[in-house]
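These are the residues of each chain, in order.
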Amino acid sequence: MTETTGTFVVTHAEAESAVVRDVETAQVHTLASNPGLEVHDVLEATVAPDPPLEVTWQVVEVDDRRSIDLVDSDLEPTQLEKELAADADVGDLIQEERAGTGEIHVFRVPEDEVEAAAQDVLDDEETIARAARLEAVRVEVRRSPEDGVLSVRYLPD
């Protein structure tokens, strides 16, 4: 195995070790030590296998490190987000680029399933990985049960 450079999300962290996942390939790397990483940290880094067995990995170089805030907002989706969802069928996903960087995902959900859908998004590791790919540092989940609308906002700093 050889060094790998990419964007990694920390999926598990203990005092002595950590697990990182490449956000592009989904390859998981168990680190033999933890250089101060916390769950949901995002690294632009290079990792290399530990000799001789190459079962665990080590962080060789870190170009950037950031954390992603996952926010369960008490705000409703914006008027634009509600309008985007109005033309969608239940189960549809609408992706809208934000001005600058980031993205907004709007879901049309059955009214009685909006809360469960919001919790699924908040609990899903892929939400953080997607934020890392979009270079977001904040993910804000908004909902409107009466409209059957869920929005996930991937926001820059």
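So, here's what we can say about the structure.

Cut-offs applied
- Residues numbered from 1 in each chain as written.
- Predicted model: local features only at pLDDT ≥ 70, side-chain atom pairs only at ≥ 80, totals over all residues.
- Heavy atoms only, no water.
- Pairing = 2+ DSSP bridges.
- Helix = DSSP H or I, 4+ residues; strand = E, 2+ residues; numbered from the N terminus.
- Axes fitted to C-alpha atoms, helices over the stretch in contact; angles between N-to-C directions.
- Contact = heavy atoms within 4.5 Å.
- Core = buried A, V, L, I, M, F, W, Y, C linked by side-chain atoms within 4.5 Å.
- Buried < 20%, exposed > 50% of the residue type's maximum accessible area, 1.4 Å probe, protein only.

Read across the open sheet, the 5 strands follow the order S6-S9-S10-S8-S7; overall the sheet is mixed. A single partner strand is all that each edge strand has here, and the edge strands are strand S6 (69-72) and strand S7 (93-97). For this sheet, the mean inter-axis angle between neighbouring strands, taken without regard to orientation, is 15 degrees. As paired strands, S7 and strand S8 (residues 103-108) are joined by 5 bridges and run antiparallel to one another. Each residue of the ladder has a partner; that of Gln-95, found in S8, is His-105. The strands that helix H2 (residues 114-123) touches are S6, strand S9 (138-144) and strand S10 (149-155); relative to S9, the one it contacts most, it runs at about 170 degrees. Helix H3 (residues 125-133) rests against S6, S8, S9 and S10 of the sheet, and its axis sits at about 45 degrees to S10.

What follows covers the nonpolar core. Residues Ile-68, Ala-131, Val-139, Val-141, Leu-150, Val-152 and Tyr-154 are the most contacted members of the largest nonpolar core, which totals 20 residues. Elements represented by at least two residues in this core include exactly H2, H3, S9 and S10. Ranked by the residues each element gives to this core, the list is headed by H2, at 5 residues. If sequence neighbours within four positions are ignored, Ala-131 has contacts with Ile-68, Ala-136, Val-139 and Tyr-154. Counting 10 residues, the second-largest nonpolar core is a separate cluster that includes Phe-8, Val-10, Leu-31 and Val-47.

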